[in-house]
Each structure stands twice: as structure tokens, then as C-alpha cells.
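What the coordinates show
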Amino acid sequence: MASLRLDDIVIHQGQHRLLSLDTTVAPGEVLTVMGPSGVGKSTLLAFIAGFLSPAFEAQGCVLLDATRIDTLPAEQRHVGLLFQDPLLFPHLDVAGNLAFGMVREGTRRQRRARIHDALSSVGLEAFAGRDPATLSGGQKARVALLRVLLSKPRAMLLDEPFSKLDAERRGEIRHWVFERVRDHRLPTLMVTHDEADAQAAGGRILRLTERDTVMGPTDKEERA
Amino acid sequence: MTAGVAYRLVVGVLPWLTIALLSVPVVAGVLGALAPAFGWLPVLGGERLTLAPWRQLFAVPGIVDMARLSLVTGLVSAALSLGLVVLFLGSFLHTPLYRRIQRWLSPLLAVPHAAAAIGLAFLLAPSGWVVRGLSPWATGWAYPPDYAFPGDAWGLSLILGLVVKEVPFLLLMSLAALVQCQARERLSVARSLGYRPLTAFLKGVMPGLYPLLRLPLYAVIAFATSTVDVAMILGPTTPPPLAVAVVGWLNDPTLSMRFMASAGAMLQLLLTLTALLIWWTLERLVARVSRGWCRDGRRQCGDRWLAGMAWLAMRTVLGLMMAALAGLALWSVAGYWPFPAFLPWPPIAHNWLNAADDLVAPVWQSLGVALAATLVSVVLVLGALESETQRRRPMRPWAQLILYLPLLVPSVAFLFGLVMMQAQMGVRPGLGAVIIGHAVFVLPYVFLSLAESYRRLDPRWSQQARSLGAGPWRVFWRVRLPLLLTPLLTAAAVGFAVSIGQYLPTILLGAGRVVTVTTEAVSLASGGDRRLTAIYALLQLLLPALGFMLAMLVPRYVFRRRRDLLPGTD
């Protein structure tokens, strides 16, 4: 399994240095990035995923194991992405959403079986043909993660993934997502404002500040 | 070549093709008209530069009246339309009445100018529906009265015809601009400070809204000062507005008249530029005068009666349009319809049956040209918008100006030049030239209709798809296009309607070889057969209506099981 290495990352916005970072996320580890709005948390994720806005400039390397990925187009990086909204494509049904991201291996029947298995694993096997708009918030979150996992990512980025879930569902979904990430041994970077998310992730927490933030493996706040 | 490289190539090339389609015909056309205006047109023996065409032009009886008429009708109709739109928005923004009218905008915009003009002419003529409705019980008239409509010497009927079509256009342009200038927030702040709705709008929203409406408004002025089809139907004839006279000179069998026609086309261009300059000066003046007014702290300025006026004027404009179209339908099925009978009774299908054979060719040619021009425009617009999305930078001001170029330069000026160049280069007029000519006018409307939805599409949809391994082509076809299907089809319907309504490019670039329902309707309008004219005008209306119906029904069918994508569920 791969580890995600952020090697001397420096992100500028114009003349202003937004953040600099040098760290490695181990397989199955969830590294939580926290800090006030505007310090560059989501910008860091956008850089890793390949969607950095032209308003920003970034230096440094992103490596998955020994492979440098920051020079590759977004679709070739194999980095899964979960936003605060599940973003299930509204023109496709649930199965269509899962098929969209699935690696094209095996026959159509085998792929359909994989989708069925994935949905069965979360008790949603009866929902394959459903309109995503008819699912509950928790069900959408599950389908969104299944879709990412079926695309066989080698790392995960979570951008405040639980912030729109209601309080009752939040703990349950959070637990379920972290469990899957660990099961698949995916190095994961999570941006959140919520201390409870960070606690539940159980990994290191990087706290970015409004001033130029310099962090390395030694500047971390360890959590048990 | 990988798919990614091919995508970047296509997306890189299409914006330049768009710019070329919008600018090359206009610039080349103006240059093509400029040279003959100074005597240079070797194909007709003009081989030395001279001012003779201009001397000939200024010797035409009534030339000053023609120019004055074009200038005045253009500026007055634009001012009335803007005034009405501003008063209406200021008084009724975000009210149920506004939302109701908003729903009707695209179909109203789709009504071709010529159809609306013919309908108005039938409605308000001495023997029209309005007079029939009032006679004899209110007027005592047993015979049609003696007044000039259409074709009054002041150009009032022309101004009315222009206002009826310009108001929906400016309202539609305002929709996107209101979002862009954060009208809702500005209005909330001003209202919370105690300003009455209209005053809050004029003092709080207009300073942000007007700059965004400036280019559409300039396009309105350019169109109104140089319209040919509407002026042929509603405008005075002795003398006619300048653009109508120029087209007459161009079609004159005496070929040497083309030098003078070129000078006339250039004069039309100067006239439109003068109108724009006058408007620009007035803008500055109003901005200076209103600066103090905006800061004087007065919370109202006759809001109630101005709102009443706006309500009445907007209802009148829309009512006129509806009644005009209903009148067309009646005339198309009218048998013997003596004055002052209000309805033709019994209605007959005879007119339609008689005309059926002659309708086939114009309908097919209209459909063919409109579909091809719309397809070309949609492809180019999608490429330009996709490129903008990829670059993640807003459109530059110069690109915006190019987008409006065909709408700002009087069509009679550059189309005329294109015809000259066509003749010079030995290119045969026909379907291809007409399709390109239509696309020049269709493309800006498709762009303006689609751009706002395209730009507002959440970029995270594409990011999500790409993080799932989809390349840019797949994201475009499988994610962006389906999500934008409804606005895309609406934009295509707008483009289709614009093409159906084109008169001048068809007449000039087709040289009579391409006959559409619009060219037939306009040429019939000057004749005496109201029934046949009504049939062609209705067809002009029905074809775009068909386009809009498809644009509405296709997404409803495709997304019948997708709640979030059903139109009207936002």
C-alpha cells in the first residue's frame, strides 16, 4: 500500500506565502488539517488533487510511494476526493454513479456484480436504480464513498466531509468512513473545522495558523 | 494523439474560430462596403477613388429626413424601452408579477421582429382589431377611419414596434446582470435603510446594473437605428428610414447604383455610431446629475405612481404583443371579414389549404438554415465556454466586445460589403453563405443565453468526476453536458428563433436563391393580402415555438426520473 508524501510543499497567493508543509501520511493514516478559514486548507487539497486555481502558485512534490503525481493530470493521480456535499451526479441513478468511477476491469456482468456487492455491504442493494435525490443524507454519503472506493484510489482527500450531515447521523457515518479508509489502507488527508472529526480520525492533527505556516513532521500534534 | 491532447487542441481552437466567425465577416464586410463608397469596385468598372457616390447620395431628395428618422426612432425607442424596464424592475423585482413575466421572456424574445411588426400593423391599423373592437359603439365609425398606421410620417408606429420587441430583450439581459451585480443584497440593504422599492432600486441597484446592461443597450440602439424588416412593415415610406432606402438602392437593377448604396451603407454606420455617441454623452450627463441625487437621503421619488405607470406600460406592451399574435391567427383563418365585425365568422381553413403548396419550400429552407446555423453556433459557444472554464479566468473585455460586434455594427453596412466581396471574388450566393450569415447573428444570442448557466455550474462536479478517473472529454460528455441540458436546449431554441427571424442576411447573401418564411412574410406585408401575410407571419412564430417546446419537453422526458434535474425544481 502507498504512502502519501508531501515534500516541501509551499503555496503562494500572489506575493503572500500561504503555507509550507513537509510531511508523510502513512497507509491507513488519517491526517487532519485544521485552522481558520483562509489559511489554505482546501487549497492544499486542491493542489494534491490537481485542481489548484491559477490564483495560487505551488512548489514542491506530491508523491504516492515513489511516484510523483503533482505533474500528472487530475484523472491520472488516483486520489479519491470527498466534498462536504456528496455530489452524486443527479442525471445518473445510484448504480450509474458507482459505475462512473469504477475501473473498467472484467465483463459488464462482473462490474454489475461488484456494484451490487458494494451496495449490499452498506445495506443499499435495493437502491441501485434509485434517483440519488430520493436518498437520505446518510445514504448519499455512503454511496459517495463507495463510488470513490470503486475507482480504486491510492490516497484519499476529505474536504469537510461530515459538515452537512445531521448530528444524529454524523458520528455513525464518520466511524464508517474512517473504518473503510483504514480497511483499504489509504493514506488520507482530512480538512475540517470540527474538533470531534479530528478526534474521531485518531491520527495526527496539523493546525494551520493565519500567519505563514511552516510545518514538518516534528511540528505535529500527536493524538492517541 | 492522446484524448487529453485532442481535447486541449479542440478547446484551444474553438474560441478562436468563434472570434473569427464574429469578427471577420463584420470587419471584411465594412471594408467591402467602404471601397465602393469611394468609387472602388473593379468588377463594376470602378477603378479610381472618388467622392462621386457621396455627392450622388447627398443629392437624393429627403436624405436628411431619412437620416433623422433613423436616428430619432432608434434613440427614442431605446430610451422608452430602457425606461420601462428600469421602472418595472424597480417596482416589481422579486414579486409574483415579475416571476410570471420572467417565465414568458424567452418565448416572447423568440417572436421574430417581422411577425410582431405584422401583428401590430394588423392590430392598430384603421381597419385593425382595436378599432373594430371600439366600433361602432364607442367611435361611431361604420368605415375604417383615416389615419396613417403603419407608416406614419413621425415613425411612431415604428417606435412602438421596436419597443415591443426591445423590452423582452432588455428584461432577459437584466436577469443575468441582476445576479451579477448582487441586486437582491443591494436592495435588501437599501430597503432596510427605509428606501421605498423603486427609490431603493434606482439609488442602490442601478449604479451596479447599468454598466452590465450597457452593451445589450448599445446593441438595441444599433438595431433600432438600422432595422430593415421592422421599418419596411411599420416605418414611413416617403421617405423611409435610411437602412430601408439603402437596401432599395442595392436591389436596384441599375448596377451603378451600388456605389451610392455603398456610400449609404457607410452613412448608416456613421449614423449608428452617432446615435451611440449621443447615448454615451447622455449617460455621462445622467451619471453626473444623479450623483448628488443618490446621496441626498430622500427615501422616495413618486414611487407609487411611477410603479402604477410601469405596471400599466408593461401590461400594455405585453398585451399588445399577445393581441397582435392573436390577430395574426384570426386573419389566417378569415374569410370575408367586413368592417367593423370584431371576429371573422365562420373561420375557414381555405387560406391555409390554398397556401399549403407554396409553404413547403420556405419552411424547409427556413428549417435547414436555422438548424445548421444553430448547430454551428452551439458547437462554437460550447468550445468557447469550455475553454473559459478550463482557463478559470473570466472573459476579457475585448472578447466581450467582439461578441457584441455583429449586434453593434449595423447589419446593412457589413452584409452589404460582404455581398460586394462575394461578387468580387466570384463566390456564388446561396445556402452556405446564408447559413454563415445567420450564424454571425445567432452565435451572440446563444452565447448570452448559455454563458450564465455554464459559468455557474459548480466546478466540483467536474473535479469529482476527474478525481474518479474521468478524462476531460468524458467529463464534458458525461457530466457537464447532461447537467446543462436544459439551458443548452433553451439557448439552442433562442438561436433557432433568431435564425428564423433573419431577413437581411437571407435576402442579401442568398441573392433571392434562398426563400424563407421571413423573407416571404416581409415581402407580402407590403402587399394587400392580409390572410396570406398572416399565414407566413404565423409560421415565423410557430417554428420558434416548436423549438422552445422541444427545449422544454426533452429535459422533462430525459430526466423524468431525476427529481433534481426536472426543469422548475430549483
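The numbers attached to residues start from 1 for each chain and follow its sequence in the written order. Going through the entries in the order they are written, you letter the chains from A and number the ligands from 1. Restriction of local features to residues with pLDDT of at least 70 applies here, the model being predicted, together with a cutoff of 80 or more for giving and counting side-chain atom pairs; totals for whole chains, interfaces and linings are based on all residues.

Turning to the overall build of chain A, a few remarks are in order. Looking only at helices and strands, chain A features six helices and 10 strands. What the globule rule says is 2.2 Å times the number of residues to the power 0.38, and the radius of gyration is computed from C-alpha atoms. Against the 2.2 N^0.38 benchmark of 17 Å for 224 residues, chain A shows a C-alpha radius of gyration of 18 Å, consistent with a compact globule. Oriented by its inertia axes, the alpha-carbon framework of chain A measures out at about 50 × 35 × 30 Å. Counting every position in chain A, which comprises 224 residues, the buried fraction comes to 42%. We call two residues in contact when the distance between their C-beta atoms, placed using the backbone, is within 7 Å. If you take every contact in chain A between residues at least 6 apart in sequence, the share linking residues at least 24 apart comes to 70%. By the criteria applied, helices consist of DSSP H or I runs no shorter than four residues and strands consist of E runs no shorter than two, each listed in order from the N terminus. Put plainly, a residue is buried at 20 or more neighbouring C-beta atoms within 10 Å of its own, exposed at 12 or fewer, and partly exposed in between, counting only other residues' C-beta atoms, which are placed from the backbone.

Along chain B, the regular secondary structure elements total 23 helices and two strands. Oriented by its inertia axes, the alpha-carbon framework of chain B measures out at about 70 × 60 × 55 Å. For chain B, buried positions account for 49% of its 570 residues. Long-range pairs, those at least 24 residues apart, make up 80% of the contacts in chain B between residues at least 6 apart in sequence.

As a further point, take the interface of chain A and chain B. How big an interface is tends to be expressed through the accessible area that disappears when the partners come together. Each partner contributes residues to the interface: chain A has 22 residues there, and chain B has 22 residues. Top element by residues in the side of chain A that touches chain B is strand β6 (residues 79-82) of chain A. It accounts for three residues. Note on residue classes: Ala, Val, Leu, Ile, Met, Phe, Trp, Tyr, Cys and Pro are nonpolar, Asp, Glu, Lys and Arg are charged, and everything else, Gly too, is polar. Split by residue class, the side of chain A that touches chain B holds 13 nonpolar, six polar and three charged.

Here, a nonpolar core denotes buried Ala, Val, Leu, Ile, Met, Phe, Trp, Tyr and Cys residues that are linked to one another through C-beta atoms within 7 Å. Ile118(B), Leu120(B), Phe416(B) and Val446(B) are the most contacted members of the largest nonpolar core, which totals 172 residues. If you tally residues by element for this core, the top one is helix α9 (residues 197-226) of chain B, at 15 residues. Throughout the structure description, domain borders are defined by an automatic or database domain assignment. Residue assignment places this core across two domains, with domain 1 (1-35 + 360-560) and domain 2 (63-325) of chain B each supplying three or more. Setting aside residues no more than four positions away along its own chain, Val446(B) makes contact with Ser377(B), Val378(B), Val381(B), Ala491(B), Ala492(B), Val494(B) and Gly495(B). Counting 69 residues, the second largest nonpolar core, distinct from the first, contains Ala46(A), Leu146(A), Leu157(A) and Leu186(A).

This part is about the UniProt feature "domain: ABC transmembrane type-1" (unreviewed entry) in chain B. UniProt positions are given in the numbering used here, feature names are shortened, and annotations may be inferred rather than shown by experiment. Residues annotated by UniProt as "domain: ABC transmembrane type-1" (unreviewed entry) correspond here to residues 63-279 and 363-554 of chain B. Regarding residues 63-279 of chain B, the helix share stands at 76% and the strand share at 0%, and the terminal C-alpha atoms are separated by 23 Å.

Here the focus is helix α8 (residues 183-192) of chain B. Residue and element names in this part refer to chain B. Of the residues making up α8, those classed as buried are Ala-183, Arg-186, Leu-187 and Ala-190. Across the axial projection of α8, the buried residues extend over an arc of 95 degrees, all falling on one side. Of the exposed residues in α8, the ones pointing more than 90 degrees away from its buried face are Glu-185 and Ser-192. Looking at the packing, one finds that the buried side of α8 touches α7 (156-180) and α9. Backbone geometry just downstream of α8 places Gly-194 in the positive-phi region, at approximately 95 degrees. Of all possible arcs, the one meant is that of the directions from the helix axis to the C-beta atoms.

As for its placement among the helices and strands, Gln422(B) is situated in helix α16 (residues 411-425). Not counting the four nearest positions on each side in its chain, Gln422(B) is found in contact with Val427(B), Pro429(B) and Ala433(B).

All names here are of chain A. When DSSP locates at least two bridges between a pair of strands, those strands are taken to pair. Strands sit in the order β6-β7-β8-β3-β9 across an open sheet of five strands; the sheet is parallel. Of all strands in the sheet, those with a lone pairing partner are β6 and β9 (205-207), marking the two edges. Strand-to-strand twist of the sheet, defined as the mean angle between neighbouring strand axes without regard to direction, takes the value 15 degrees. Bridge count for β6 against strand β7 (residues 155-159) is four bridges, and the pairing is parallel. What sits directly across from Val-79, in β7, is Ala-155. To get an axis, fit a line to the C-alpha atoms, keeping to the stretch in contact for a helix; angles then go from 0 to 180 degrees between the N-to-C directions.

Further remarks concern the domain arrangement of chain B. Residue and element names in this part refer to chain B. Partitioning chain B into structural domains gives domain 1 (1-35 + 360-560) and domain 2 (63-325). A straight line from the C-alpha centre of domain 1 to that of domain 2 covers 24 Å. Contact with domain 1, which involves 35 residues of that partner, is made by 35 residues of domain 2. Looking at the side of domain 1 that touches domain 2, the elements that each hand over two or more residues are α1 (3-37), α15 (397-408), α16, α20 (485-500), α22 (517-525) and α23 (530-558). Among the elements that make up the side of domain 1 that touches domain 2, the one with the highest residue count is α23 (seven residues).

Turning our eyes to something else, we now look at the environment of Ala110(B). All names here are of chain B. For Ala-110, the position within the fold is in helix α4 (residues 96-110). Given 22 C-beta atoms within 10 Å, Ala-110 falls into the buried group. If sequence neighbours within four positions are ignored, Ala-110 has contacts with Ala-493, Val-494, Ala-497, Pro-544 and Phe-548.

All names here are of chain B. Their axes nearest at 9 Å, the elements α7 and α9 cross at an angle of 155 degrees. The orientation of α7 relative to α9 falls into the category roughly antiparallel. The two elements α7 and α9 cross, and the hand of that crossing is right-handed. Here Leu-162, Glu-166, Phe-169, Leu-170, Met-173, Ser-174, Ala-177, Leu-178 and Gln-180 of α7 come into contact with α9, specifically with Leu-209, Leu-212, Leu-213, Pro-216, Val-220 and Ala-224. For the contact of α7 with α9, the per-class residue count stands at 12 nonpolar, two polar and one charged. For classification, angles of less than 35 degrees are called roughly parallel, those exceeding 145 degrees roughly antiparallel, those between 65 and 115 degrees roughly perpendicular, and all remaining angles oblique. Each helix crossing is assigned a hand: it is left-handed if the near helix lies turned anticlockwise from the far helix by less than a right angle, otherwise right-handed if that turn is clockwise.

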